[in-house]
Every structure is written in structure tokens, then in C-alpha cells.
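# Secondary and tertiary structure notes
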Amino acid sequence: MENNYIYIPNDPQQEEFRCRVPLKDTEQVFVVDGKGEKMGLNLGKGEILPQMLQVIAVRSRQAQEDLSYSTDYRLAERAQAKVLLCSHTLSMEDFTTHECVNVELGKGAILDMVVMQNEHNKSKHSTSFKVQMEEGAVFNLNVVTLHGGEISNEIEVNLNGKGGECNVNGLYLADGQQKVSTRVNIFHNVPECHSSQLFKGILDGESRTSFSGKIYVAKDAQKTEAYQANNNLLASRTAKAYTQPHLEIYADDVKCSHGATVGSLNEDELFYMRSRGIAKDEAKLLQQQAFAYAVLEKVANESLRERLHSLLESRLRGEFSECANCSKHCC
Amino acid sequence: MENLIEIKNLHANINGKEILKGIDLVVKPGEVHAIMGPNGSGKSTLSAVLAGKEHYEVTEGTVKFMGHDLLAMSPEERSWAGLFLGFQYPIEIPGVTNVNFMKTAVNEHRKQKGLAPLTAAEYLKLMREKLAIVEMDPAFSSRGVNVGFSGGEKKRNEIFQMAMLDPKLAILDETDSGLDVDALRIVATGVNKLKRPDNATIVITHYQRLLDYIVPDIVHVLYKGKIIKTSGKELALEVETRGYDWLIKGE
Ligand SMILES: Nc1ncnc2c1ncn2[C@@H]1O[C@H](COP(=O)(O)OP(=O)(O)OP(=O)(O)O)[C@@H](O)[C@H]1O
Ligand SMILES: [Mg+2]
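Residues numbered from 1 in each chain as written. Chains lettered and ligands numbered in written order. Predicted model: local features only at pLDDT ≥ 70, side-chain atom pairs only at ≥ 80, totals over all residues. Heavy atoms only, no water.

Residue and element names in this part refer to chain B. Pairing is mixed across the open sheet formed by 6 strands, whose spatial order is S6-S9-S10-S3-S11-S12. A single partner strand is all that each edge strand has here, and the edge strands are strand S6 (83-86) and strand S12 (226-231). Across the sheet, the mean angle separating the axes of adjacent strands is 20° when strand polarity is ignored. Note that strand S3 (residues 32-36) and strand S11 (residues 218-223) share 4 bridges and pair parallel. When the sheet's bridge partners are listed, Met36 is paired in S11 with Val221. (Pairing = 2+ DSSP bridges. Helix = DSSP H or I, 4+ residues; strand = E, 2+ residues; numbered from the N terminus. Axes fitted to C-alpha atoms, helices over the stretch in contact; angles between N-to-C directions.)

This is the structure:
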């Protein structure tokens, strides 16, 4: 099967994981039940990671207890890296994982981070991203939550040096009884920094999602630009999306905006598509893909972006839920 | 020859208000019908009911389309069966490109006929051929469906879609409104190019000028949800010069 990206051995302790369709120019490392040979990054001054680092974290039945671990990504002055963090569950146990991702970016350092969460319905996974940024550093984060029981992402970014830029985006999908919560806190502690947030959710079934996003602008953080948007698409009447923006602005020369929407599928668009012979389900799918498009387009790596589009499509087609061994459909 | 569509005593409500009050209309293959009528007479309502739009409640009457009960079919089934509606107000779908939209539609039609989906190259060829009919730039195909299109471009896009889907019966709801003279000629010529002995068109319009290009065999005047007059193409000219008053008074 073409989509069968990872080879998962029957006995993960004995055999090795492999990727069948590796992404281009990517180094792959596995973290099994919170343990791996390579966790995190430590780059010196001006060091540029030649390939994208893909960290595939899996939970297996060998370790069913609650896990918590943290990883550090430290990039010194002008260092650059691209990182893809994937998380999966290999069997149907009630896994609970608490993860902390610490990011420290020196002057002018650039980190592109994509997070792909694809776990089964009983899994609980909370991740806390703590980011410290110095002058002129750039941090791009895209969190794609495809599947999971209870997923929580907490993102805290501290802009501590002038001219810093952070773009944090996310796409979350939830159906059945799934829950996804997102909390973003952006601290503009110094002048002349940019931040943007775009989070979109597609909800079906009786799922619940929450988004709470705070932009804090300190008193002397003049010339701050900070934007935030959260849009949710409800595909069922029983799904609920909560959204709560907060602005805390103490400076006066700033450009800030926020917007939040919760809407349902557009009837006129659906009818138009159906009148052209596009079956109802397919029309819904097109609409949901169109909704998600803006977030996935922010993923800079083209082959990764294409894979995310195709994973999104199979997810929206409900292919994930039919698969007993969920991890086999993921990248 | 067998009738393409047979509408008998069709009554329909929106929000409990009766809009169509007993429509009878028969269209045979090869025919062009024009429906005229003052604003609010129910022309768009009739086309919406025929295309299967939700919230329109048919309270009485029957519609047979190529021998099948049209009213029992979903909007997509009607399309597969060969019905096409050119919208008076085409819908914009941001985020769905024209090419993706039409490719999905064409392949759904093919699936219904048991045909394999078109390859990218086959689709491109077909698309270019049909775009040429309405003199549309292929650059439109990568844009969101109707997003940012001018009024005229939207109408041309409707005829492009009609050309792609090759319907048996096309209902064109005011496809001429908002068109400048060149666009009108292009759209009308496009419709004429698609005309065959085995298909038919219903054009809904307020203006004779469209009917100079697309010459109707039969002209109907719809008023307050009823067809009050049916005649040859000379009726359109008469409406153009005399308005509707003389017909309404006769009612
Ligand atoms: N959703 C609706 N709820 C209530 N009334 C409606 C609704 N849609 C249409 N109508 C009414 O139905 C009547 C017929 O409207 P319709 O759009 O079919 O007219 P039309 O003949 O196409 O007019 P036009 O020439 O202006 O396009 C109008 O009185 C209109 O106000
Ligand atoms: Mg109308």
C-alpha cells in the first residue's frame, strides 16, 4: 500500500523501525516509549542542519504506564534547523503522555517545526512548547492534529529580543468523542517583534475543541505586530468548538488583531457542487479540504506539505478509524 | 420522440409560501425553450426545484425526466442523469480550485457510467477544448471557483461547466444578465455549439437580445407562479416591445 509509510515490526524491542517512503532530504530517528538515541538538538553558532530531522515518537504496549519526558532544541546564534515531530500509538492501550518541548533560539537563529499528531482514540497526549527567542530569531510552528483521544497543546513563546518573528499555526481534526485543546501565549516582551497565529479546526461527531490564545504586549514593546485567528468548521450539530481570544496590551504603538469564528458547512456551496454531480460526501470533503488549506499551505517543505494534504484527505474520508493498527497510515 | 422533461401541475412552497402554482411544461430533444416573466414570478424557483435545492417543498405535481421521477432524485443524481442548471448567481467557493472542482465533477459523472477517471493529461485536453468554447483563459482554472470573477466571467464559467458535463437538458437562468455585448455573443455562441438533436435548453431571460443568438422554438411567460402564455419566438419580441401588461390583463 502506497500510504503505508512506516514499517512497524511485530516486536518493536527486537526489530528495527523503518520508513518505507521517507521524505526527501530527511534524517529519521525514532523515540520509543519516551526513549531514543537522539532526542532534541543542540546546534552551535552558525551551524545549519543539512537535512530535516524527523523525530517519530511511538508508544507501544511494552510501556503502558504514564510517560513524561522533555526534549530540548537549542540553536545558538544564526543556527538553522528544520524539525518534524510525529507522534503515534502502536496499540490500543490507554496511553497517557506528557511531553515538554523546550526551544531556545539565539540571535538570528531560525527553527521550522512541524508537529504531526496521529494517535488512537484512547490516547491522551499533552505537549507543552516553551520557546525563548533572542534578537532577530525566527520560529515557525505548524501543529497538525489529525487524530487522538485527548490532545492538548500548550504553546508559550517569549519574544525577548528585538526583531524576533514567530508564526504559530495549527490544524486540528476531531470527531467521535475526541477532544483537542490548544492554548497559545505569545509574550511580546521587547519592541519590534512580529507574531502571527492561525488555528483552524474541523469538528464532527460529538467532539469538543477549545482554543485560547493570548497576545501579551509589554509596556515598552512598541512597534509590535501581532495577529491571531481561530476558525472552526462544524460538520455536525453535536460538535462544539470553544474559542477565546485574549489581548493584553500595555504599549500604545502596536498593530494587533484577532478574530474567531465557528461556522458550519456552507449549504449554497454544497448545493452548487452537488448540482454539478459531486456527491454530497465528496462535496463536504472538498469544503473541508478548502477550509484546511490555508494552514497546510504554511508548511514550507513541499513533500511534507503534500503528504499532509494526503493524510488529511484519508483522515476526512474516515480511513484512519477503520484501521486497527493506526500507525500504519501515518508518516 | 420521447419527452426529455415533463412537468405536470407543479406546485412548490418556500417557507410555507406558495411560489409555483401549477406549472405544466414539456421539452423534447432538440428544442430550445425560453422562459420570460417579470421579477419575482418564480423563474429561479422553478429552476431550483428542478435542480433539487433543499428547503423547496413540492406540494403537488410530478416531474418526469427521461422517464424517471426527477423529484425523487438527489441533486447529484439529477446531474448524473443529464440535468444542468446554469445559476443566476453562481456560487464562489474559496479554497477549491476550478480545476479540482470540475475534475471531481467530471470523474463522478464517469464513475456513474462505469468509466475510469480521466488522467491528468486527458483532463487537461478536455478542459482546454471546452474553455475555448467560451474563450476563457486557462489561467482561470487554477483560481478558486468563481472567486474574484467578474459577473461576466462567472456566467462564462457556467457555460464552460455545461460544456464539460455535456447535459441532456440545460436550464440557463439569466445567463445573459451582466454580460457586455462581446461576452453575450461568446456565451450565446457557446450554447449554440453545444446544441445537438438529442439535447435541449431552457433559457430564462428578460431580454430579446439573447434570443437573437439563441433562437427559441417556444417561448413561455411565467407570471405569479403560472405559465400564462406559450407561443413561438415572436412572443419574445412582443414582450420586449409591449411589456407584460397586456398578458397579465388577459389573465
Ligand atoms: N427563501 C425564500 N423565502 C421566501 N420567499 C422567497 C425565497 N426565495 C424566493 N422567494 C420569493 O419567491 C418569489 C419568486 O422568486 P424567484 O427568484 O423565483 O423569481 P424570478 O422570477 O427568478 O425573479 P428574477 O427575474 O428577479 O430573477 C419572489 O417573490 C421571492 O421573493
Ligand atoms: Mg431569477
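Turning our eyes to something else, we now look at the packing of helix H2 (residues 280-296) of chain A against helix H3 (residues 302-316) of chain A. Residue and element names in this part refer to chain A. The interhelical angle for the contact between H2 and H3, taken along N-to-C directions, is 150°, at an axis separation of 11 Å. Crossing angle aside, the handedness with which H2 passes H3 is right-handed. Packed against H2, whose contacting residues are Leu285, Gln288, Gln289, Ala292, Tyr293 and Leu296, the element H3 presents Arg305, Leu308, His309, Leu312, Glu313 and Leu316 at the interface. Classifying every residue of the contact of H2 with H3 by side-chain character gives 7 nonpolar, 3 polar and 2 charged. (Left-handed = near helix turned anticlockwise from the far one by under 90°. Contact = heavy atoms within 4.5 Å. Nonpolar A, V, L, I, M, F, W, Y, C, P; charged D, E, K, R; others polar.)

This brings us to unusual backbone geometry. Residues and elements named next belong to chain B. Backbone geometry places Asn146, a non-glycine residue, at a positive phi of 60°. In this fold, Asn146 is placed in the loop between strand S8 (144-145) and helix H5 (151-165). Although it is not a glycine, Lys224 adopts a positive phi angle of roughly 45°. Checked against the element boundaries, Lys224 lands in the loop between S11 and S12. Note on Lys224: relative accessible area 53%, which makes it exposed. (Buried < 20%, exposed > 50% of the residue type's maximum accessible area, 1.4 Å probe, protein only.)

A few words on the sheet that holds strand S5 (residues 68-69) of chain B. Residue and element names in this part refer to chain B. What the 4 strands build is an open sheet, ordered S2-S1-S4-S5; its pairing is antiparallel. Each of the sheet's edge strands pairs with one partner strand only, and the pair in question is strand S2 (17-27) and S5. Packing of helix H1 (residues 43-51) onto the sheet brings it into contact with strand S1 (5-14), S2 and strand S4 (56-65), and relative to S1 it is tilted by some 110°.

Turning our eyes to something else, we now look at the packing of aromatic side chains. How two aromatic rings sit relative to each other is set out by the distance from centre to centre and by the angle between their planes. Across all of its chains, the model carries 7 aromatic pairs over all chains by this definition. With 4.8 Å between their ring centres and 90° between their planes, Tyr272 of chain A and Phe87 of chain B make a pair best called edge-to-face. Taken as a pair, Tyr272 of chain A in helix H1 (residues 267-275) and Phe87 of chain B in the loop between S6 and strand S7 (93-97) lie in two separate chains rather than in one. Taken individually, Tyr272 of chain A and Phe87 of chain B each receive the classification buried, so the pair is uniform in this respect. Within the aromatic cluster, the residues linked to one another by ring pairs are Phe271 and Tyr272 of chain A together with Phe87 and Phe101 of chain B. The residue whose ring lies beneath Lys200 of chain A is Phe291 of chain A, and the NZ or CZ to ring-centre distance is 4.2 Å. When the ring centre of Tyr207 of chain B is taken as reference, the NZ or CZ atom of Arg209 of chain B above it lies at 5.7 Å. (Phe/Tyr/Trp six-rings, centres within 6.5 Å; stacked < 30°, edge-to-face > 60°. Lys NZ or Arg CZ within 6 Å of the ring centre and 35° of its normal.)

All names here are of chain B. Relative to the assigned elements, Asp176 resides in the loop between strand S9 (169-173) and helix H6 (181-193). There is no salt bridge for the buried Asp176, and the closest opposite charge comes from Arg209, which lies 5.0 Å off by N-O distance. Polar contacts involving the side chain of Asp176 include one to the side chain of Thr205, which spans 2.5 Å. Each residue touching Asp176, except ones within four places of it in the same chain, is listed here: Leu184, Ile204, Thr205, Tyr207, Arg209 and Leu210. (Lys, Arg positive; Asp, Glu negative; His and termini not counted. Salt bridge = Lys/Arg side-chain N within 4 Å of Asp/Glu carboxyl O. Polar contact = N/O pair within 3.5 Å; in protein donor to acceptor, adjacent residues only side chain to side chain.)

This part covers the site of ligand 1. All names here are of chain B. The environment of ligand 1 is formed by 15 residues, the closest being Gly40, Lys43, Ser44, Thr45 and His206. Gln88 is positioned with one of its side-chain polar atoms (N or O) 3.1 Å from an oxygen atom of ligand 1. Between ligand 1 and Glu174 there is a distance of 3.3 Å, counted from an oxygen atom to a side-chain nitrogen or oxygen. Protein contact buries 65% of the 630 Å² of open area that ligand 1 shows by itself. Elements with a contribution of two residues or more to the shell around ligand 1: S2 and H1. Top element by residues in the shell around ligand 1 is H1. It accounts for 3 residues. Looking at the shell around ligand 1 residue by residue, the classes come out as 3 nonpolar, 9 polar and 3 charged. (Near = heavy atom within 4 Å. Areas by Shrake-Rupley, 256 points an atom, 1.4 Å probe, with all protein chains shown as cover.)

The next point concerns the pattern of salt bridges. Residues and elements named next belong to chain A. The tally for this structure, following the rule as stated, stands at 24 salt bridges over all chains. The partner of Lys38 in a salt bridge is Glu27, with the nearest N and O atoms 3.3 Å apart. Taken as a pair, Lys38 in the loop between strand S3 (26-32) and strand S4 (41-43) and Glu27 in strand S3 lie far apart in primary sequence, 11 residues in all.

Every contact between the two is made by 32 residues of chain B and, on the other side, 16 residues of chain A. Interface area for chain B against chain A, summed over the two sides, is near 2000 Å², with a carbon-plus-sulfur share of 63%. Contact with chain A buries surface across chain B, with Glu76, Phe87 and Ile91 of chain B losing the most and accounting together for 23% of the total. If you look at where chain B meets chain A, you find 4 salt bridges. Across the pair Arg274 of chain A and Glu76 of chain B runs a salt bridge, and its minimum N-O distance is 2.6 Å. (Buried area = accessible area lost by both parts, 1.4 Å probe.)

The next thing to look at is the state of the cysteines. The tally for this structure, following the rule as stated, stands at 0 disulfides over all chains. Here Cys256 of chain A is not disulfide-linked; the sulfur of Cys193 of chain A is the nearest cysteine sulfur, at 12 Å. (Disulfide = S-S within 2.5 Å.)

With that out of the way, let us pick up the confidence of the model for chain A. Summary statistics for chain A give a mean pLDDT of 91 and a share of 90% for residues scoring 70 or more. This model gives residues 321-331 of chain A a pLDDT under 50, and the stretch forms 35 contacts once residues within four places in sequence are excluded. (pLDDT = per-residue confidence, 0-100.)

Attention now goes to the pairing of S2 of chain B. All names here are of chain B. Relative to S2, S1 runs antiparallel, the two being bridged by 8 bridges. Looking across to S2, one finds that Ile14 is bridged to Lys17. The hairpin turn running from S1 into S2, its antiparallel successor, is 2 residues long, and Asn15 in that turn takes a positive phi close to 50°.

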